[in-house]
Amino acid sequence: MRQHILAWSLTAMLVSSGAQAQSSASKAADEERSARITEAARQAWAITDVVLEKDIDPPARQQMLLHGLKAVLTRKSAKIPANLAGRVSAVTTPEQFAVLLAEVWPADDAEAKRGDTREARLFEGLFGWQSAEEHGRFYLSPRDVKAHEALIGNRYVGTGIQVRKNDKEKMPQIVIPFPGGPARKAGARPGDLIVEVDGKSMAGRSLREVVEHVQGEEGTKVSMTVRQPGESKTRRLAMIRSIIPFTSVQGYRRTGEESWSFVRAAKSPVGYLSFDDIKSSTLLELRKIEPLVRAEGVRAVVLDLRFTRGEDLRHAALVADGLLDGGVLWRVRDVRGRLREYKADRDCLFRDMPMVVLVGEHTSALSAIVAAALQDRGRAVVVGEMPKTELIVTGLVNLPEERGALRLRTGRVERIERAEASEQQRLAAAANRLWPDHLVAIERKEMGAVLEWRQKQHSPEPKTDAKPPSDPQLDKAIDLLRAALTSQEKKDKK
């Protein structure tokens, strides 16, 4: 009997101890959840503070908070509080917002284990009143800020590969080993499957995990084991992480690992330059390219800005300055109503060459601003479709306490009036938009083929016999430039 009592007592003690441990763990989890919610609410409030102060046309704080809450509620099991909009409208402090946020914050911690995606969803969701098509993400974490600054300053450190998921083999795959990068120098080829990184298998891993394994500090070593799809033989690539020499301007067709042809057809007098980006190195690249273009017999040039990225107005001013022979580029009015004028000096690239600029629906605001300056000064004819974006200046604005940065609209461009502008162009300029001199549509299928062509030209192993895609906008640009050259030749003979 005594043994039974002792056993029962021991069992009770163990159950009690287990319950206490479970209760303690539950309490710790609740405290951690509460701390996360409080911190997330504080960060969201700080973000709205900066938007209200720095954006040229901010919405009400409550509108931003409502968008943020709705972003958190996108999960399937979300429970939407009654009268959410009305309750948000009554929020006046970060503490009150934390209470409301706690109601929509899931109890499980599965997402946190995958990288705190809930906070990121909240912070990015605050910008639901804006279109992400133009600029992508609006909130950048401290880590994102560092990577962004490296990219726009052309100081990105890594191995120099673009990766995607190969669904058939369930493995990460190298799309492009960029010419001049460590991976390409080590022997990486387009299409290589990444089997291992530093001896760790990459099978089944997310692209984010793969990138985290590949990335590292400049000068550090990394090895990748790769193989071509369908093959069993692997290759080990040993490399040292370094600054990747990304270029922002390319010709029409890659002719070698480090060489380009800048014409669409052999012996054409019309050259072609495509811009992937407008950044700190773009003007220097153009200066290096100009003699190559002239050496190919080019006497007129097309600048393709249809798919061009870019964010820093200083870089846009450098490029526009380099293409113009003096004069005012544009004026920018900031959130406080102050006006700043940007001017060009007398140094001019591609001088005496007729020029056409291609724009389209996906032309970024920064690229459209460059095109507008060239159009307003009569330097270039603009061909294509009207960009969706307004001529708005965006910039990164740092959050307090080094908590990251926000991509905000910090100014509006005021264009230089030109007498020869059409009525439609004047109306567009008044609405902060760019209207081409020649409207030329392009079908979605054609646009996809043009993008695919451009992507393939990034490969260090391009197909030299590939047939160029149909491109009515480029056709129109070439026709206009040929006509301009013919007209100039007639004048010269007189």
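As a convention, each chain's residues are numbered from 1 in the sequence order in which they are written. Only residues with pLDDT of 70 or above have their local features reported here, since the model is predicted, and side-chain atom pairs are shown and tallied only from 80 upward, although totals for entire chains, interfaces and linings are computed over all residues. Only heavy atoms go into the side-chain values, all of them from the structure, while hydrogens and water stay out.

Draft legend 1. Here's a closer look at the environment of Glu 169. By the criteria applied, helices consist of DSSP H or I runs no shorter than four residues and strands consist of E runs no shorter than two, each listed in order from the N terminus. Examined against the element boundaries, Glu 169 turns out to sit in the loop between β3 (161–166) and β4 (171–177). For the pair Glu 169 and Glu 119, spaced 50 residues apart in sequence, the C-alpha to C-alpha distance is 33 Å. Those residues within four positions of Glu 169 in sequence are excluded, and the remaining contacts are Leu 193, Arg 227, Pro 229 and Gly 230. By the criterion applied in these results, polar contacts are pairs of N or O atoms within 3.5 Å in which, for protein atoms, one can donate a hydrogen and the other can accept it, and in which residues neighboring in sequence qualify only through two side-chain atoms. A distance of 3.0 Å separates the side chain of Glu 169 from the backbone nitrogen of Gly 230, its partner in a polar contact. Two residues qualify as a contact provided that any one of their heavy atoms is within 4.5 Å of a heavy atom in the partner residue.

Draft legend 2. Quick look at the pairing of strand β13 (residues 270–275). Buried, partly exposed and exposed residues are distinguished by accessible area as a fraction of the type maximum, computed with a 1.4 Å probe on protein chains only: under 20%, between the cut-offs, and over 50%, respectively. Counting buried residues in β13 gives six out of six residues, a clear majority hidden from the surface. Alternating residues of β13 divide into Val 270, Tyr 272 and Ser 274 and Gly 271, Leu 273 and Phe 275, and every residue in both groups is buried. Pairing between strand β10 (residues 249–250) and β13: two bridges, direction antiparallel. What sits directly across from Gln 250, in β13, is Ser 274. Two strands pair under a simple rule: DSSP has to find at least two bridges between them.

Draft legend 3. Seen up close, the nonpolar core. Remark: nonpolar core denotes a set of buried residues (Ala, Val, Leu, Ile, Met, Phe, Trp, Tyr, Cys) joined through side-chain atoms within 4.5 Å. Of all hydrophobic cores here, the largest spans 47 residues; its most connected members are Leu 273, Leu 303, Leu 313, Trp 330, Phe 350 and Leu 374. Secondary-structure elements contributing two or more residues to this core are β13, α11 (282–295), β15 (300–304), α12 (313–323), β17 (327–334), β18 (339–344), β19 (355–359) and α13 (365–376). With eight residues, α13 is the single largest residue contributor to this core. Formed by 34 residues, the second largest nonpolar core is a distinct cluster that contains Ile 47, Leu 100, Phe 138 and Leu 399.

Draft legend 4. Local environment of a positive patch on the surface. Here a patch means residues that are over 30% exposed by relative accessible area and free of salt bridges, tied together within 9 Å if like-charged and within 5 Å if nonpolar (Val, Leu, Ile, Met, Phe, Trp, Tyr). Methods summary: accessible areas were calculated by the Shrake-Rupley approach with a probe of 1.4 Å, and residue burial reflects only the protein chains presented. When a carboxyl oxygen of Asp or Glu is within 4 Å of a side-chain nitrogen of Lys or Arg, the pair counts as a salt bridge. Neither His nor the chain termini are counted; the positive set is Lys and Arg, and the negative set is Asp and Glu. Note that the charge is assigned to NZ on lysines, CZ on arginines, CG on aspartates and CD on glutamates. Judged by side-chain charge, Lys 490, Lys 491, Lys 493 and Lys 494 come together as a positively charged surface patch. Among the secondary structure elements, Lys 493 is positioned in helix α16 (residues 472–493). Judged by relative accessible area, which is 75%, Lys 493 ranks as exposed.

Draft legend 5. Region of interest: the pattern of salt bridges. This structure, assessed with the given rule, holds 36 salt bridges. With a closest N to O distance of 2.8 Å, Arg 331 and Glu 341 form a salt bridge. One end of the pair, Arg 331, is in strand β17; the other, Glu 341, is in strand β18, with 10 residues separating them in the sequence. A relative accessible area of 28% means that Arg 331 is categorised as partly exposed. A salt bridge links Arg 418 to Asp 376; the nearest nitrogen and oxygen atoms lie 4.0 Å apart.

Draft legend 6. The arrangement of the sheet that holds β19 in detail. Pairing in this open sheet of six strands is mixed, and the strands run β10-β13-β15-β19-β20-β23 from one edge to the other. The sheet is open, and its two borders are formed by β10 and β23 (438–439), each paired with just one other strand. Where strand β20 (residues 381–384) lies against β23, two bridges are found, and the strand directions are parallel. Residue Val 383 lies in a different strand from β23, and its bridge partner there is His 438. Across the sheet, α13 is in contact with β15, β19 and β20; its angle to β19 comes to roughly 145°. Lines fitted to the C-alpha atoms define the axes, with helices restricted to the stretch that makes contact. Angles between their N-to-C directions range from 0 to 180 degrees. Here α16 sits on the sheet and contacts β13, β15, β19, β20 and β23; the angle it forms with β19, its principal contact strand, is near 165°.

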